Amino acid sequence: MSKLWGGRFTENTDSSVYDFNASVSFDKRMYRQDITGSIVHAKMLGRCGIIPKEDSSAIVAGLEGILADIESGRLAIDETMEDIHSFVESELTARIGDAGKKLHTGRSRNDQVALDIKLFTRDYIDTLDVKLKDLLNTLLVIIEDNIETFMPGFTHMQKAQPVTLAHHMGAYFEMFKRDRSRLFDIRKRMNLCPLGSGALAGTTYPLDREFVAKELGFDGATFNSMDSVSDRDHIVELLSALSTIMMHLSRFSEEIIIWNSNEYRFVEISDAYSTGSSIMPQKKNPDIAELVRGKTGRVYGALMSMLTTLKGIPLAYNKDMQEDKEPFFDAADTVLNCVILFNGMLSTITFNKKVMEESAKNGFTNATDVADYLVLKNIPFRDAHRIVGELVLLCIDKGCALDDLSLDEFRSYSPVIGDDIYEAISMKTCVMKRCTQGAPGPEAMKKVICEYKKYLS
Ligand code: ARG
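A brief structural summary. As a convention, each chain's residues are numbered from 1 in the sequence order in which they are written. In keeping with the model being predicted, local features are shown solely for residues with a pLDDT of at least 70 and side-chain atom pairs are shown and tallied solely at 80 or more, while totals for entire chains, interfaces and linings include all residues. The side-chain values count all of the structure's non-hydrogen atoms but skip hydrogen atoms and water molecules.

Let's talk about the nonpolar core
Here, nonpolar core means buried Ala, Val, Leu, Ile, Met, Phe, Trp, Tyr and Cys residues that are tied together by side-chain atoms lying within 4.5 Å of each other. Buried, partly exposed and exposed residues are distinguished by accessible area as a fraction of the type maximum, computed with a 1.4 Å probe on protein chains only: under 20%, between the cut-offs, and over 50%, respectively. Judged by nonpolar contacts, the single largest core of 71 residues is most densely connected at Leu 128 and Leu 249. Counting from the N terminus, the helices are DSSP H or I runs at least four residues long and the strands are E runs at least two residues long. For this core, the elements supplying multiple residues, two or more each, are helix H6 (109-145), helix H7 (165-190), helix H10 (233-259), helix H11 (287-311), helix H12 (325-347) and helix H19 (442-456). Setting aside residues no more than four positions away along its own chain, Leu 128 makes contact with Leu 183, Leu 242, Ile 245, Val 335, Leu 336 and Val 339. Whether two residues are in contact is decided by their heavy atoms, any of which lying within 4.5 Å being enough.

See the structure below:
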């Protein structure tokens with residue numbers, strides 16, 4: 001239990017208190033960010049003449065060795081230390097002697113941990129963004145292959161109007177595109193370096209904060225030291241963006257689950273992404289989609305937890321803030337995994353195009369188009385709506401589709417109907433005619449696909 005702060009104490013910390021207070025078990029995963037920040041801090045201390053150049057070089061070399069040894073597995077992080085910061089500093093001093101004790105000059109763990117978590121957030125956003133882009137590429141393949149794959153579009157879970165599979169997938173493309181732009185915004189807004197803020201009130205040493213910020217890839221240094229050590233807004237924002245990603249994935253999962261059901265059979269999930277039942281030999285379950293849907297709750301929970309942790313904290317740093325990490329890390333891991341797994345499932349799924357098209361043909365998805373046909377023949381839309389409603393009742397009675405009615409039957413409801421009605425209300429026409437921007441018609445979809453390709457390249 002070697003501590004960074006023993007001097008002022010005469011009695012030992014109670015061991016239960018030590019354990020309760022310690023964070024190494026979870027903040028150890030920020031070792032790379034912690035060491036990277038320390039290397040730049042030490043370089044700066046040397047350049048500014050705050051510590052001797054030789055000490056600065058020894059610290060940098062020592063830290064580089066520690067980082068290499070952790071990454072290669074030669075050095076295990078000692079979990080009896082209080083936190084990752086204490087571990088790195090004590091390991092450094094064990095390796096290079098007294099020079100190691102100069103690393104913490106002009107720094108506090110408060111600005112150090114604020115830096116670590118910002119670096120972690122940034123790295124995470126970059127990793128997640130690549131996986132979201134993979135998912136968008138999978139969607140684009142499906143979209144390009146299916147601009148004439150007809151399927152029913154639904155409102156209220158009732159068949160509404162025919163769309164295409166490309167169009168349906170395009171809706172998710174838009175959602176994940178917005179998710180990426182949210183991550184980008186967060187990354188931009190948080191990208192100021194807190195190191196140099198000290199415990200809360202800056203420092204008396206002539207630190208070169210701009211140098212540190214630049215070396216670490218920040219756009220500059222933060223402007224208020226009290227805010228810098230107490231700000232976790234970027235975690236709140238990120239958890240909110242992650243919650244939105246999960247909400248999108250969960251809605252998509254729900255659709256896959258419904259489409260995979262015996263009743264729909266719109267899709268067949270690949271064996272590699274399904275599981276069986278221990279008792280019912282016939283079962284092939286969509287567990288991945290269900291788990292993604294299920295894990296959404298814990299990500300929302302992390303957002304609530306972070307907001308609640310922060311709401312009562314007076315300025316500046318308080319130990320409550322240590323509670324930022326576990327829910328954040330859990331949510332971050334969960335979302336990354338869900339995006340990867342979902343992408344794997346989606347890229348190997350089979351769409352039963354015939355079943356989808358058959359399904360679009362029944363359910364009166366062309367009823368609006370019959371009304372639009374009547375409007376073209378100068379019937380006011382409200383009257384056309386009533387006439388088609390009556391035709392639908394007739395079809396329900398006869399157990400057939402609108403396309404199956406004879407011309408005489410059509411004309412007995414409205415004499416303006418001619419034999420061009422069949423062409424006008426065929427599913428193909430219904431979709432083809434919808435060609436304004438954003439509509440499912442293949443011509444409109446082709447233009448959108450060009451935009452998507454530009455966006456992804
Ligand atoms: N482990 C702390 C955290 O995660 C960082 C250390 C700051 N501790 C302190 N006593 N000032 O927030």
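Quick notes on a nonpolar patch on the surface
For patches, a residue must show more than 30% relative accessible area and have no salt bridge; joins then use 9 Å for like charges and 5 Å for nonpolar side chains, namely Val, Leu, Ile, Met, Phe, Trp and Tyr. Shrake-Rupley sampling with a 1.4 Å probe provides the accessible areas, and residues are treated as covered by the protein chains on show and by no other component. A pair is scored as a salt bridge if a Lys or Arg side-chain nitrogen falls within 4 Å of a carboxyl oxygen belonging to Asp or Glu. Taken together, the side chains of Leu 200, Met 226 and Leu 315 present a nonpolar region at the surface, about 270 Å² in accessible area. Relative to the helices and strands, Leu 200 resides in the loop between H7 and helix H8 (209-215). With relative accessibility at 37%, the residue Leu 200 sits in the partly exposed group.

Some words on the packing of H11 against H12
Simply put, an axis is a line fit to the C-alpha atoms, just over the touching stretch for a helix, and the angle between two N-to-C directions goes from 0 to 180 degrees. Interhelical geometry of H11 versus H12 gives an angle of 155° and a closest axis separation of 9 Å. On the basis of the axis angle, H11 is roughly antiparallel to H12. In terms of crossing hand, the pair formed by H11 and H12 is left-handed. Every residue of H12 that contacts H11 at Ile 288, Ala 289, Val 292, Lys 295, Arg 298, Val 299, Ala 302 and Ser 305 is listed here: Pro 327, Asp 330, Ala 331, Thr 334, Val 335, Cys 338, Leu 341 and Met 345. In this count, Pro and Cys sit with the nonpolar residues alongside Ala, Val, Leu, Ile, Met, Phe, Trp and Tyr, while Asp, Glu, Lys and Arg are called charged and the others, Gly among them, polar. In the contact of H11 with H12, the residues fall into 11 nonpolar, 2 polar and 3 charged. Orientation labels follow simple angle bins: below 35 degrees gives roughly parallel, above 145 gives roughly antiparallel, 65 to 115 gives roughly perpendicular, and whatever is left gives oblique. A clockwise turn of the near helix away from the far one marks a right-handed crossing, whereas an anticlockwise turn of less than a right angle marks a left-handed crossing.

Description of the site of the ligand
Throughout, near means a residue has at least one heavy atom within 4 Å of the molecule or strand. The local shell around the ligand consists of Ser 23, Arg 109, Asn 110, Val 113, Tyr 317, Gln 322 and Lys 325. A distance of 2.7 Å separates a nitrogen atom of the ligand from a polar side-chain atom of Asn 110. Any N or O atom pair separated by 3.5 Å or less is treated as a polar contact, with the protein-specific requirement of one donor-capable and one acceptor-capable atom, and with residues adjacent in sequence counted only for side-chain atom pairs. Tyr 317 places a side-chain nitrogen or oxygen 2.5 Å from an oxygen atom of the ligand. Bound to the protein, the ligand loses 86% of the 340 Å² it would expose on its own.

Looking at the pairing of strand S1 (residues 150-155)
Whether two strands pair comes down to DSSP finding at least two bridges between them. Pairing of S1 with strand S2 (residues 158-164), which is carried by 6 bridges, proceeds in the antiparallel orientation. Counted as the bridge partner of Thr 155 is Gln 158 from S2. Between S1 and the antiparallel strand that follows it, S2, lie 2 residues; His 156 among them carries a positive phi value of about 55°.

Some remarks on unusual backbone geometry
A cis amide bond links Leu 315 to the next residue, Ala 316, at an omega of 0°. With respect to the secondary-structure elements, Ala 316 resides in the loop between H11 and H12. In this model, His 156 sits at a positive phi of 55°, which is unusual for a non-glycine residue. Tracing the chain through its elements places His 156 in the loop between S1 and S2.

What about the state of the cysteines?
For this text, the term disulfide refers to a pair of cysteine sulfurs within 2.5 Å. Applying the stated criterion across every chain, the model contains 0 disulfides. Left unpaired, Cys 395 is separated from the closest cysteine sulfur, that of Cys 400, by 4.0 Å. For Cys 395, a relative accessible area of 1% translates into the label buried.

Some details on the environment of Phe 20
For Phe 20, the position within the fold is in helix H1 (residues 15-21). Phe 20 sits 306 residues away from Glu 326 along the chain, and the two C-alpha atoms are 14 Å apart.

Some words on the packing of helix H3 (residues 31-47) against H6
Contact geometry of H3 with H6 gives a least axis separation of 9 Å together with a crossing angle of 120°. The angle between the axes of H3 and H6 places the two elements in the oblique class. The handedness of the crossing between H3 and H6 comes out as right-handed. Only Gln 112, Leu 115, Asp 116, Leu 119, Phe 120 and Asp 123 of H6 make contact with H3, whose side of the interface consists of Gln 33, Asp 34, Gly 37 and Ser 38. Class assignment of the residues belonging to the contact of H3 with H6 gives a composition of 3 nonpolar, 4 polar and 3 charged.

Brief notes about the side chain of Thr 105
Mapped onto the elements of the fold, Thr 105 is located in the loop between helix H5 (84-96) and H6. If sequence neighbours within four positions are ignored, Thr 105 has contacts with His 41, Leu 45, Ile 50, Ile 51 and Tyr 205.

Comments concerning the pattern of salt bridges
This structure, assessed with the given rule, holds 32 salt bridges. The partner of Asp 219 in a salt bridge is Lys 188, with the nearest N and O atoms 3.5 Å apart. Of this pair, Asp 219 sits in the loop between H8 and helix H9 (225-230) while Lys 188 sits in helix H7, and the two are 31 residues apart along the sequence. With a relative accessible area of 53%, Lys 188 lands in the exposed category. When salt bridges with common partners are traced through the structure, they connect Asp 69, Arg 74, Glu 91 and Arg 95 into a single cluster.

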